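Next come the chains, spelled out residue by residue.
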Amino acid sequence: MPASKSSAKTKRAEMKKIIAQLRAADEAYFIHDNPTISDGEYDRLRTRLETLNARHKDPQATELLSQVGSKPHDGFASVTHTAPMLSLPKAQTPEQAQAFIERVRRFLGLAQEPLALMAEAKIDGLSLSLTYQEGTLVHAATRGDGRTGEDVTANARTIKDIPARLPIKKGEVTIRGEIYLKIKDFEQINQQRQEAELSLYANPRNTAAGSLRQIDPTQTAARPLRFFVHDWLGPSLPPTVSAMRTRAQEWGLPVIEPARLCADLDQALAFFEQTLLIRADLPFDIDGIVYKLDDRTYHGRLGETAGRPRWAIAHKFPSDQAVTRLEDITIQVGRTGTLTPVAELAPINVGGVMVRRASLHNEDDIARKDIRIGDKVIITRAGDVIPQVLGPVDKNPKRKTRPFVPPERCPDCQGLTVRQADEAARRCTNGLNCPTQALERLVHFVSRDGADIEGLGRKQLQVFYLTGLIRRPSDIYLLKNKTSGDRSLPDPLEREGGWQSKSAQNLFAAIRQRTRLPLHRLIFALGIRHVGQTIARHLADSFGTIAALQATAVAAADNEDARQRLLAVTDLGDIVAEELTTFFTGADNQCALADLLAHVTAEYTVRKTLETPYRGKTLVFTGTLVHLSRAEAKERAQQAGARVASSISKATDVVVAGEKAGSKLKKAQDLGIEVTDEATFLKLSGTSLA
């Protein structure tokens, strides 16, 4: 095939893939109020499709790019809009905003005289159209597909910002705007859901959309929804957007703030930068600034193209970055005593997720970036990773905000903290006498790659720890005796932990199933600093028993031969050797380990690596496996010579999908990664169910 034809075929295949992704994203966002990709990723896909479609015209792409929203939900009656509800074109840069102004000038045949713009905050909400006849509200409809929306009149009447009547004696007026939730109300709703042990909502926009689109209006009335006006249709209305805003306020309708009438684009761009800095101070979520030609007579002349008005544009804030206020720096205590500073932020929407906390890494990183409490800071979620603070907006060393002072005492147990000369982290020295470290070590012990005790997670362990039933791993295996054998758990646990007799018996059975553990998993479960799964496996292969490992580690404290035996283990260097010696020579740890080994047997089987099609490949498991636990599947994959990763990337070779596989399966399909099922994995890995 000639190169040009091959290239065109590849581009059309890419277009087909993007079309499918955008359609799925539209349905998730507009119909189910549950977006599957960030706004930034959606915009990137759409821009890419526009570029490809300009060179390789495709009817499906053209239709999708001209489409607004999505079809109305089947649960509501349909309403045909008197005029289409358009979706705004978007600008990501000042240059794209300037291009918008130049297009307007060319279309209208204008010279270089300034064009006045009304710049308004872009509320991240659900579009709503209100129709008033002779001043009475007769219809409220969502945008839907832009021409037909959902009739939500009964629900809209419950929102206090929407008046039932306007001071208009005759004619029909259409008011358009956004339904939204204030951030504090969104936080309160999520707090109530957390207390009720329900899943949390991602952001105010989705929550507001879902609240308005309830079949039962009383459900909508229970939510503190608000409304902002941003457009008007009807006869005898003022000729400018700025004058129309004043008229709307006289009618008792709330208009979007902040807003500013700008003499030209330069003033509008300055307003954009100023609003970005105060975004975190606003009581509601915004995701950009809308620039509208103030002269409404231009609106009619310019009209629309591809379902978007020519007289307005939305200048979006960066989707993977935001500016917010650093309200405090708190300390998170880890399993090994590491004190990690955490940024407590004024809630801000970054890439479709409300961010309240972000990593600050360590005290050196804070000092290097000169991050202070009270600063306006730039945060990022690039690549959908854990949010991080990039630095302060104001870098003036004389600014009045408060510098961070590393804690001399652990915030959880008041134990002394130390920082070794060769380490970036500060640590609590109180060991298992620190409640947080003790609890985190228990959580680590029962984790999937450790003892893997089903039904015993952080929440349950916290209750058991606070009631004194479990303080160290050996207590887990004594739990049944401590809770009176076969009868249900004591009243405090039934009340605080929600345990019933049946669930208690299931837990006891799960604990019994984990009295025999593979040696490498027991070593990992002990929570020795710097000993992860790989090193734990190498230690098991090198020593064969926990007793041999312990004896060598203890001897290594003052015996060079023993130290060299530790250093001979694959991937094990001076730091890990020292941590092993510190752990196994500690009196508390020796006692805790002896108590644990009274109930748990560590088993070691010489590993055999099979010659299989998976040798040297990277596998990812997703969904529910029928025949294997996730730990067993990982073990068999490693026996087959494969590496096992927890997330999908371009380095992934094969995805093994079980039942109810979700986003990982979709990502694998999007990336063109080989997908197989559990039965095929078992067959090709050379292992059986026996």
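Right above here is the structure, for reference.
Predicted, not measured: the structure shown is a model, and the values here were computed from it.

J.: Can you help me understand empty space enclosed by the protein in this one?
T.: The rolling of a water-molecule-sized probe over the atoms marks out the regions of remaining empty space. Per the counting criterion, the structure on display carries 2 cavities of 30 Å³ or more. By volume, the largest cavity is sized at about 210 Å³. If you trace the largest cavity, you find 16 residues lining it, with Leu432, Arg441, Pro473, Leu526 and Ala592 closest to the centre. At the level of secondary structure, the elements contributing two or more residues to the lining of the largest cavity comprise helix H13 (435-445), helix H15 (473-476) and helix H24 (587-597). For the second largest cavity, the calculated volume is near 30 Å³. If you go around the second largest cavity, the residues you meet are His230, Asp231, Trp232, Val241, Lys292, Arg296, His299 and Trp311. Secondary-structure elements contributing two or more residues to the lining of the second largest cavity are strand S8 (226-233) and helix H11 (296-302). Partitioning the lining of the second largest cavity into residue classes produces 3 nonpolar, 2 polar and 3 charged.

J.: Quick question: what am I supposed to make of unusual backbone geometry here?
T.: Comment: phi is negative for the bulk of residues other than glycine, and the bulk of peptide bonds are trans. With an omega of 5°, the peptide bond running from glutamate 257 to proline 258 counts as cis. Mapped onto the elements, proline 258 comes out in the loop between helix H9 (241-250) and strand S9 (259-262). Phi angles above zero are rare outside glycine, and histidine 361 is one such case at about 65°. Assignment of secondary structure puts histidine 361 in the loop between strand S16 (353-359) and helix H12 (363-369).

J.: Where do I start with the environment of arginine 516 in this structure?
T.: Its place among the elements puts arginine 516 in strand S23 (residues 516-518). Not counting chain neighbours up to four residues away, the residues in contact with arginine 516 comprise Thr601 and Glu603.

J.: What is the right way to look at helix H21 (residues 546-555) in this model?
T.: Within the sequence span of H21, burial applies to Ile546, Leu549, Thr552 and Ala553. Along the axis of H21, the buried positions cluster into a sector of 135°, meaning they face one direction only. For H21, the elements touching its buried residues are helix H19 (519-525), helix H20 (533-543), helix H22 (560-567), helix H23 (574-585) and H24.

J.: Whenever I open this one, the pattern of salt bridges confuses me. Can you help?
T.: Pairing between side chains of opposite charge can happen when their charged atoms approach one another. For the coordinates displayed, the defined rule picks out 28 salt bridges. With its nearest N and O atoms 3.0 Å apart, the salt bridge here joins arginine 357 to glutamate 344. Here arginine 357, found in strand S16, pairs with glutamate 344, found in strand S15 (residues 338-350); they are 13 residues apart in sequence, far enough to count as distant. The residue arginine 419 makes a salt bridge to glutamate 363 at a minimum N-O spacing of 3.3 Å. With arginine 419 in the loop between strand S21 (417-418) and strand S22 (426-428) and glutamate 363 in helix H12, this residue pair connects regions lying 56 residues apart in the sequence. Accessibility expressed as a relative area gives 31% for arginine 419, which makes it partly exposed.

J.: When you look at the side chain of aspartate 285 in this model, what are you seeing that I'm missing?
T.: With respect to the helices and strands, aspartate 285 occurs in the loop between helix H10 (265-278) and strand S10 (286-293). Despite its burial, aspartate 285 remains without a salt bridge, the nearest opposite charge being carried by arginine 279 at 4.0 Å. Among the polar contacts listed, one links the side chain of aspartate 285 to the side chain of asparagine 349, at a separation of 2.7 Å. Apart from the residues within four sequence positions on either side, aspartate 285 is in contact with Lys122, Ile123, Asp124, Ile183, Pro204, Arg279, Asn349 and Met354.

J.: Before we go on, may I ask you to explain the nonpolar core in this structure?
T.: For soluble globular proteins, nonpolar side chains are generally found buried alongside one another. Grouped together as the largest cluster of nonpolar side chains are 52 residues, with contacts concentrated most on Ile453, Tyr477, Leu539, Leu580 and Phe584. Once you skip the residues sitting within four places of it in the chain, leucine 539 turns out to touch Ile523, Val531, Gly544, Leu549, Val569, Leu572 and Leu580.

J.: Got a minute to help me understand the pairing of strand S7 (residues 172-180) in this structure?
T.: Remark: a regular strand shows side chains that alternate across the two faces of the sheet. Burial of S7 is extensive: 8 of the 9 residues sit out of reach of the surface. Inspection of the sheet shows strand S4 (residues 126-133) paired to S7 by 8 bridges, in the antiparallel sense. If you follow leucine 126 over to S7, its bridge partner there is isoleucine 179. Both S7 and S8 contribute to a ladder of 7 bridges, which runs antiparallel. Note on S8: the bridge partner recorded for tyrosine 180 is arginine 226.

Calculation notes
Residues numbered from 1 in each chain as written. Predicted model: local features only at pLDDT ≥ 70, side-chain atom pairs only at ≥ 80, totals over all residues. Heavy atoms only, no water. 1 Å grid on protein atoms, 1.4 Å probe; cavity = no way out; pocket = protein on both sides within 12 Å on 5 of 7 lines; lining within 4 Å. Points joined across faces, edges and corners; volume = space filled by probe spheres on them. Helix = DSSP H or I, 4+ residues; strand = E, 2+ residues; numbered from the N terminus. Nonpolar A, V, L, I, M, F, W, Y, C, P; charged D, E, K, R; others polar. Contact = heavy atoms within 4.5 Å. Buried < 20%, exposed > 50% of the residue type's maximum accessible area, 1.4 Å probe, protein only. Arc of directions from axis to C-beta. Salt bridge = Lys/Arg side-chain N within 4 Å of Asp/Glu carboxyl O. Lys, Arg positive; Asp, Glu negative; His and termini not counted. Polar contact = N/O pair within 3.5 Å; in protein donor to acceptor, adjacent residues only side chain to side chain. Core = buried A, V, L, I, M, F, W, Y, C linked by side-chain atoms within 4.5 Å. Pairing = 2+ DSSP bridges.

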